[in-house]
Amino acid sequence: RLIEKYGLNDPMPVQYFRWLSELVRGNLGWSQTAQTSVMDGIRERFPSTFELSLLALMPVIFVAIWLGILSAVHHNRLLDHFLRFLAITGYSFPPFVVGILLLMVFYGIVQWFPPGQLSFWAERVAYGQDFVHYTGMYTVDALLNKRPDIFWDALRHLLLPVLTLAYGFWAGLLRVTRSSMLEALRKDYITTARAKGLSERVVIHKHARRNALISVATVSGAIVIGLLGGVVIIETIFGLKGLGQWAAEATVQLDVPAVLGVTMLGTATVVLGNLFVDLLYTWIDPRIRLE
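Before going into details, it helps to say that this report is about the structure given with it. (Residues numbered from 1 in each chain as written. Predicted model: local features only at pLDDT ≥ 70, side-chain atom pairs only at ≥ 80, totals over all residues. Heavy atoms only, no water.)

1. A word on the overall build of the protein chain
Applicable threshold: By definition, any uninterrupted DSSP run of H or I lasting at least four residues is a helix, any uninterrupted run of E lasting at least two residues is a strand, and each is numbered from the N terminus. Burial here depends on accessible area, computed with a 1.4 Å probe over protein chains only, as a share of the maximum for the residue type. Under 20% is buried, over 50% is exposed, and the range in between is partly exposed. By the convention used here, residues are in contact when the closest approach between their heavy atoms is within 4.5 Å. Areas reported as accessible are Shrake-Rupley estimates using a 1.4 Å probe. Residue values count occlusion only from the protein chains shown. For this count, His and the chain ends are skipped, Lys and Arg are scored as positive, and Asp and Glu as negative. Taken as the charge location is NZ of Lys, CZ of Arg, CG of Asp or CD of Glu.
Across its full length, the protein chain holds 13 helices and two strands. For the protein chain, the C-alpha atoms occupy an extent of roughly 80 × 55 × 35 Å along the three principal directions. The buried share of the protein chain, reckoned over its 291 residues, is 37%. Residue pairs at least 24 apart in sequence account for 69% of intrachain contacts in the protein chain once pairs closer than 6 positions are excluded. Carbon together with sulfur atoms contributes 67% to the accessible area of the protein chain, which is approximately 17300 Å² in total. Within the protein chain, one finds 25 positive and 21 negative side-chain charges whose respective centroids are separated by 10 Å.

2. Some remarks on helix H2 (residues 12–24)
What counts is decided by this rule: In this scheme, a helix's expected span is set at 1.5 Å multiplied by one less than its residue total.
For H2, which comprises 13 residues, the first-to-last C-alpha distance of 18 Å matches the rise-based estimate of 18 Å (1.5 Å per residue) to within 8%. Residue Gly26 follows H2 closely and has a positive phi angle near 90°.

3. Digging into helix H3 (residues 38–73)
Operational definition: Throughout, bend refers to the angle between the axes fitted to the seven residues that end at a position and the seven residues that start at it.
Relative to the 52 Å expected for 36 residues at 1.5 Å per residue, H3 spans 50 Å between its end C-alpha atoms, a close match to the ideal helical length. Considering bend angle alone, the principal kink of H3 is centred on Arg45 and spans about 40°; proline Pro47 follows within four residues of it.

4. Topic: unusual backbone geometry
Although it is not a glycine, Gln35 adopts a positive phi angle of roughly 55°. As for its position among the elements, Gln35 is in the loop between strand S1 (30–31) and strand S2 (36–37). Given the relative accessible area of 52%, Gln35 is considered exposed. Although it is not a glycine, Asn76 sits at a positive phi angle of roughly 65°. Residue position: Asn76 is located in the loop between H3 and helix H4 (78–92). Residue Asn76 is classed as partly exposed on the basis of its relative accessible area of 47%.

5. With respect to the packing of H4 against helix H8 (residues 148–185)
The cut-off we apply is this: What counts as an axis is a line fitted to C-alpha atoms, over the stretch in contact for a helix, and the angles between N-to-C directions run from 0 to 180 degrees. Convention used here: angles under 35 degrees read as roughly parallel, angles over 145 as roughly antiparallel, angles from 65 to 115 as roughly perpendicular, and any remaining angle as oblique. By definition, turning the near helix anticlockwise from the far helix through less than a right angle yields a left-handed crossing, and turning it clockwise yields a right-handed one. In this count, Pro and Cys sit with the nonpolar residues alongside Ala, Val, Leu, Ile, Met, Phe, Trp and Tyr, while Asp, Glu, Lys and Arg are called charged and the others, Gly among them, polar.
Between H4 and H8, whose axes approach to 8 Å, the crossing angle comes to 135°. What the angle tells us is that H4 and H8 run oblique. Every pair of crossing elements has a handedness; the one defined by H4 and H8 is left-handed. Only Tyr167, Gly168, Trp170, Ala171, Gly172, Leu174, Arg175 and Arg178 of H8 make contact with H4, whose side of the interface consists of Asp80, Leu83, Arg84, Leu86, Ala87, Thr89, Gly90 and Tyr91. Of the residues belonging to the contact of H4 with H8, the class tally is eight nonpolar, four polar and four charged.

6. Quick look at the pattern of salt bridges
The line we're drawing: Basic side-chain nitrogens of Lys or Arg form a salt bridge, by our definition, when they fall within 4 Å of a carboxyl oxygen of Asp or Glu.
Under the criterion given, the structure shown has seven salt bridges. A salt bridge links Arg84 to Asp80; the nearest nitrogen and oxygen atoms lie 3.9 Å apart. Highlighted residues: Arg84 and Asp80, both in helix H4, separated by four residues, approximately one helical turn. Overall, Arg84 belongs to the partly exposed group, its relative accessible area being 32%. For Arg147, the salt bridge is made with Asp149, and the minimal N-O distance between the two is 2.7 Å. Overlapping salt bridges bring together Asp80, Arg84 and Arg178 as one network.

7. Some points on the nonpolar core
A general trend in soluble globular proteins is that nonpolar side chains are found buried together. Condition: Nine residue types can take part in a nonpolar core, namely buried Ala, Val, Leu, Ile, Met, Phe, Trp, Tyr and Cys, and a core is a set of them joined through side-chain atoms within 4.5 Å.
Leu52, Val60, Leu165, Trp170, Leu173 and Met181 are the most contacted members of the largest nonpolar core, which totals 41 residues. Elements supplying a minimum of two residues to this core: H3, H4, helix H5 (95–109), H8, helix H9 (188–195) and helix H10 (200–238). The dominant element in this core, judged by the number of residues it contributes, is H8, at 13 residues. Discounting residues that sit within four places of it in the chain, Met181 has contacts with Ile69, Ala72, Ile204, Ala208, Arg209 and Ala212. Counting residues in each nonpolar core, the second largest holds ten residues, with Ile42, Trp246, Ala247 and Ala250 among its members.

8. Brief notes about the packing of aromatic side chains
Definition in use: Aromatic rings from Phe, Tyr and Trp, taking only the six-membered ring of Trp, are treated as a pair when their centres fall within 6.5 Å; an angle between ring planes under 30 degrees marks them as stacked, one over 60 as edge-to-face, and anything in between as tilted. Over a ring means this: the NZ of a Lys or the CZ of an Arg is within 6 Å of the ring centre and within 35 degrees of the ring normal.
The full count for this structure, using the stated rule, is seven aromatic pairs. Plain terms: the ring middles of Phe151 and Trp152 are 5.2 Å apart, the flat faces sit at 75° to each other, and that makes the pair edge-to-face. By relative accessible area, Phe151 is classed as buried at 17%. Look at Trp152 and you get exposed, because its relative accessible area is 56%. Ring-pair connections join several aromatic residues into one group, and the members of that group are Tyr16, Phe17 and Trp19. Geometry around Trp246 places Arg45 over its ring, the cationic atom sitting 5.0 Å from the centre.

Here it is, written out as structure tokens:
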């Protein structure tokens, strides 16, 4: 009866186009793990994942590029060796090892940063009648509700997951930025700029940095995509109720519609991330826009 109900005796092309027509209507099926439709499950958990990825993205992009330029400018000096050591260490450590170590030290020993998303008292306020959920992100909603105490509590819970998620990507981007910057500093136009009497600050930040950012932009796009993929491990370790934890739970319980829904969201992120990088090229290098 189930086979007849769901048309599983039909040819594969018929089944596929039936599924595709439901997908266009926004129907991704029913999730047994979430006990709701897949679309509602994504809508409920996406803000938490987006908040974690957004907070991790800012230190990855801005701090890694700044330190990569700094490392290249101080090539083969003490600062360069120190930053390279940090980058290699961060690139080599798996995220789950970093997360467990941070939990062991900052939660288990010194008890500064607890896991989860909110403290018990903050949860009672956040799920009370007077608290309005505008975006689903606790940090943003707390500010919109004029509750700085909830904001700081949510930020305190997010600090360790953000550091864990950002550290590996930060290390990789720092290495790429350093290599690109070193290559740019050896170009003839840099020698010409210095021969014209331009200050070292102008040479580095106006001429070398902009040309070095082309390869950095490519890696940055991959990092944006990788952040959403990395949340599966991070959210599971720190007990965050986002898409990553849901995907892990759905995989274990063979909840195929939920896994399929999260996978398609990740695919859309890959497409949009690559499109964003292509548009970023034209802003970084006017020659690409003219071509």
